[in-house]
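# Structural overview for review
Take a look at the letters that make up each chain.
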There are 2 protein chains.
Amino acid sequence: MYNNLYNNLVVIGGNASGLAAASQARRINPDLNITVLESGKYISYSTCGLPYFISGYVKRAEDLLVYPKDFFEQKRNIKILMGHRVVGMDPSKKELLVSVGHAQENKIIEYDKLIISSGGTNIIPDIPGIDSSNVFQFRNVSDAENLKDYIDSNNPKKAVVIGGGAIGMLLAEAFNQIGVKTTVVERKERIYNEFEYEISTILARKAEIDGIDILTKTSITSINANSGQNTATIEDASGKKDLECVLVMLATGISANTGFLTDTSIELGINGAIKVDNKLQSSHMNIYASGDCATIKNIVTGKQDYIPTANNAVKTGRIAGENAAGGNKVFNGSVGTVVDKVLDLEIASTGIGSKEAVSLGYDAIKLIDGFSSHAGSVPGAKKIAIIIIVDTTSRRLLGAQMIGGEGVGKRIDVFATAITNEMTVDDIYMLDLSYAPAISTVWDPVNKICGKAVLALDGKNV
Amino acid sequence: MYNNLYNNLVVIGGNASGLAAASQARRINPDLNITVLESGKYISYSTCGLPYFISGYVKRAEDLLVYPKDFFEQKRNIKILMGHRVVGMDPSKKELLVSVGHAQENKIIEYDKLIISSGGTNIIPDIPGIDSSNVFQFRNVSDAENLKDYIDSNNPKKAVVIGGGAIGMLLAEAFNQIGVKTTVVERKERIYNEFEYEISTILARKAEIDGIDILTKTSITSINANSGQNTATIEDASGKKDLECVLVMLATGISANTGFLTDTSIELGINGAIKVDNKLQSSHMNIYASGDCATIKNIVTGKQDYIPTANNAVKTGRIAGENAAGGNKVFNGSVGTVVDKVLDLEIASTGIGSKEAVSLGYDAIKLIDGFSSHAGSVPGAKKIAIIIIVDTTSRRLLGAQMIGGEGVGKRIDVFATAITNEMTVDDIYMLDLSYAPAISTVWDPVNKICGKAVLALDGKNV
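Conventions we followed
Residues numbered from 1 in each chain as written. Chains lettered and ligands numbered in written order. Predicted model: local features only at pLDDT ≥ 70, side-chain atom pairs only at ≥ 80, totals over all residues. Heavy atoms only, no water. Helix = DSSP H or I, 4+ residues; strand = E, 2+ residues; numbered from the N terminus. Rg over C-alpha atoms; globule rule 2.2 N^0.38 Å. Buried < 20%, exposed > 50% of the residue type's maximum accessible area, 1.4 Å probe, protein only. Contact = heavy atoms within 4.5 Å. Pairing = 2+ DSSP bridges. Axes fitted to C-alpha atoms, helices over the stretch in contact; angles between N-to-C directions. Least-squares fit on C-alpha atoms with pLDDT ≥ 70 in both. Buried area = accessible area lost by both parts, 1.4 Å probe. Salt bridge = Lys/Arg side-chain N within 4 Å of Asp/Glu carboxyl O. Core = buried A, V, L, I, M, F, W, Y, C linked by side-chain atoms within 4.5 Å.

## With respect to the overall build of chain A
In terms of helices and strands, chain A carries 11 helices and 25 strands. At 23 Å, chain A has a C-alpha radius of gyration in line with the 23 Å of a compact globule built from 462 residues. Counting only C-alpha atoms, chain A reaches 70 × 65 × 40 Å along its principal axes. Split into buried and exposed, the 462 residues of chain A put 58% on the buried side. Across chain A, contacts joining residues at least 24 apart in sequence account for 62% of those joining residues at least 6 apart.

## Considering the sheet that holds strand β14 (residues 231-236) of chain A
Residue and element names in this part refer to chain A. Spatially, the 3 strands line up as an open sheet ordered β13-β14-β15, and their pairing is antiparallel. The open sheet has two edge strands with one neighbour each: β13 (219-223) and β15 (239-244). Sheet twist, expressed as the mean angle between neighbouring strand axes with direction ignored, is 30°. The sheet contact formed by β13 and β14 spans 4 bridges and is antiparallel. Directly across from Ser-219, in β14, lies its bridge partner Glu-235.

## Considering the relation of the copies chain A and chain B
The transformation that overlays chain A on chain B combines an axial shift of 0.0 Å with a rotation of 180°, and the residual RMSD is 0.0 Å. Overall, the copies show the geometry of a two-fold rotation axis. Nearest to the rotation axis, the C-alpha of Val-414 of chain A is located 2.6 Å from it, this being the minimum over chain A. Comparing contact sets, 99% of the residues at the interface of chain A also lie at the interface in chain B, consistent with an isologous, same-surface contact.

## Some details on the environment of Gly-370 of chain B
For Gly-370 of chain B, the location among the structural elements is in strand β23 (residues 364-372). The contact partners of Gly-370 of chain B, leaving out residues within four places of it in the chain, are Ile-384 and Ala-385 of chain B.

## Examining the interface of chain A and chain B
Residue-level contacts link 71 residues of chain A with 70 residues of chain B. When chain A packs against chain B, the two sides together hide about 5700 Å² of surface, and 61% of this comes from carbon and sulfur. Area buried by chain A at its contact with chain B is led by Lys-315, Lys-410 and Asp-432 of chain A, which between them contribute 13% of it. Our enumeration of links across chain A and chain B arrives at 6 salt bridges.

## Some thoughts on the sheet that holds strand β22 (residues 345-351) of chain B
Residues and elements named next belong to chain B. A sheet is described by the order of its strands in space; here 5 strands give the open sequence β21-β22-β25-β24-β23, paired in antiparallel fashion. Only two strands of the sheet have a single partner each, and these edge strands are β21 (338-342) and β23. Direction aside, neighbouring strands of the sheet carry axes that sit 10° apart on average. Sheet analysis places β23 next to strand β24 (residues 383-391), joined by 9 bridges and oriented antiparallel. Within β24, the residue paired with Asp-369 across the bridge is Ile-386. Here helix α11 (residues 445-457) sits on the sheet in contact with β23 and β24, set at roughly 140° to β23.

## A word on the nonpolar core
Ile-116, Ile-388 and Phe-415 of chain A together with Ile-116, Ile-388 and Phe-415 of chain B are the most contacted members of the largest nonpolar core, which has 276 residues in total. Once you skip the residues sitting within four places of it in the chain, Ile-116 of chain A turns out to touch Ile-12, Phe-260, Leu-261, Ile-266, Ile-274, Ile-287, Tyr-288, Ala-289, Ser-290 and Cys-293 of chain A.

## Description of the pattern of salt bridges
Residues and elements named next belong to chain B. Under the definition given, this model contains 34 salt bridges over all chains. Here Lys-366 and Glu-196 are joined by a salt bridge, their closest N and O atoms 2.6 Å apart. With Lys-366 in strand β23 and Glu-196 in the loop between β11 (181-185) and α6 (197-209), this residue pair connects regions lying 170 residues apart in the sequence. Overall, the relative accessible area of 6% leaves Glu-196 in the buried class.

## Side note on unusual backbone geometry
Positioned with a positive phi, Lys-94 of chain A is a non-glycine residue whose angle comes to about 55°. Inspection of the secondary structure assignment puts Lys-94 of chain A in the loop between β4 (84-90) and β5 (95-100). Exposure remark for Lys-94 of chain A: the relative accessible area of 28% places this residue in the partly exposed category. Positive phi, close to 55°, is recorded for Asn-271 of chain B, a residue that is not glycine. As for its position among the elements, Asn-271 of chain B is in the loop between β17 (254-256) and β18 (287-289).

As structure tokens, this is what we get:
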């Protein structure tokens, strides 16, 4: 049924996307030789759960490992090679140059088909002192173990987190929970800068209430540990000053981990990510790419984008694995759905924001309102704020964002499903969503905010 | 802009649907005279919250009132007439015959346009002794107050609930919580009989663990209070026997409250419900109907159906109100989404079940699996069971049902949105749904069960 002229599938990367790819390839084709090359010493771990290990909410790093190596080797007949870092490749010969183990001995590994799921890599800002021993990255289990060891040994009382995105805020929360006074330094106008102003402001206020200091429009100009000082120097509109800190965390975002492709003809796109088509095929027909190292189609904009979420990593992995194994599946893309639980709030987004809508030329309106997570008659309801972005011409929903105490995570998925299906606010307003007093209000907040949009579009009083 | 040749809008029924209709009519048309006729002494209450008043979780019946009369009269300029029961009508004269107050004096009320939102009425089974003073109905605030008074005065230790649907089980839970030993008697094969076997069985087991007795394939043949006995006689395949009980609850379902239309030419459909078109217009052009007294289009079957949920009541009310006030909105229908929180489980359904799929001629498959509500690495995850029904020809999702400890209510809405948009399992499998370890698994259970369906449809190992 499938083309079996080749039989040697190699996957670069042993985390969510690579293992999803390898597993799907096995489901599709029982006869392939499948080998996964993992540069580190762990596979299949919950990247998003790492902050819980720092706060102690998750006790052991092992608890973040989703499946053991044996599971893949024995149940799925997938060979896993740990400590195998791909450092170069020659697509014309279908060869990978691989550095193995601590000794870093190089060897050549051949493939018939290749899936690159090499993930993301932290963006390291060019700051004097960024190489100090008290500066930590936070991307994988080893990073988390190093940080945890440092905290246990040095008992730091003050930390600076560079970057107020999701990872930065989750780390700030974890530090706060273990008694480390934390300052988040964000270069841009606000934390969670990708979100609408009103949503990220609610989170910033909660951070302040919880005792986390937030400095926005502020840069780190140097980290002074190498010169024997427990400070980092920051700069904002009012000038420079020193912040006391023992621990500095880098949370300035990621780019695609594709350095080893520099000398190849594999086309790269936004953020250094491998350009792929809707079958997850790269510019080379035997090479597929998935997850944080690859571009992904944004369903709303129709363009190739960089949306490095775990949800996208596993899905693109599956499709890449299926197609590399002889299948022919199309991946329709992502609407950029994200959710975090941070500072006891759920914060979520899907689709595009108001700025992006304007930049794409939409005549868009933005609606915001507050809701109750469930009926007020039943104790325990929490507040939810919702923003939607609507195209006034087509009346289509373009984006939605929410923050609140509960019921945000899966409600954003209703918006995500609606956006994927190009629904108008008229139709979302009338969606038959579930109601019970302990679970929702009779009009679900998703219906309500769209009803408000309908009235606004119709020129009626809200 | 709108037709103002008429100016007198009358709404029959002052609960969710009627008030949604009246309010939307006001938003659309500031000049109308709007009058709501309510037969009882309460308006705008949470029918679905009534069991919480019996269990004491909601302390006062007033807490179940959503908006006070003043709100509608003063803020929305809607006249509310309490104790006004419509007992007949003459559509040719546009007249209602109304029985007013305790004295039951009749008066004539005229309308230009009429919206009938008279709700549902309990189906009273024909059982000897059903008129006993220890037999209670449970439909409105007065019913709940009567029941609560009886319990407070008589302190019953044993109750029988006739009917194992949602209301029956919610009442059984409430009784159980206040120490009344309860037996649920269900004529059909199982409780929650509209659900798939596997889902309702999980709920039945939980009921037994909680100490609620469930008797299925069992009928009540008589209630013996009138003959001085604290028993009800039941009959199953093994014969008749007496069950001790002081309190008997009727929970045998509802039909449309349309008895007052018997002598009119207004067309009625399934369950005595008023037949309406997609603009909620009845067979008479000046008469609209909404909520539990009206038929509703089932999006999956394409047929007029009877789906008396609160979510449908408010939505059809809005559309009926808008159109009666001169608007021109279309209601696309309902996918029959329901959720209950009962016995600490969330149980939900949308679309059609496997039996209905077969009866409609689909070549359908049914998939079932168990999932975790969120990532196992974060403490507190609960189990969820999901069933989906898939058309093998079009690969479209036809229905979904779930039961579990958390995360069911709003996940069913993703399925509801998907069914509304006629999505295939292939596309739902790849939906970009939100992930954070405390909120979901990387593949949301919604994706996963559809992925299983895709493999099954493709003839691959799951």
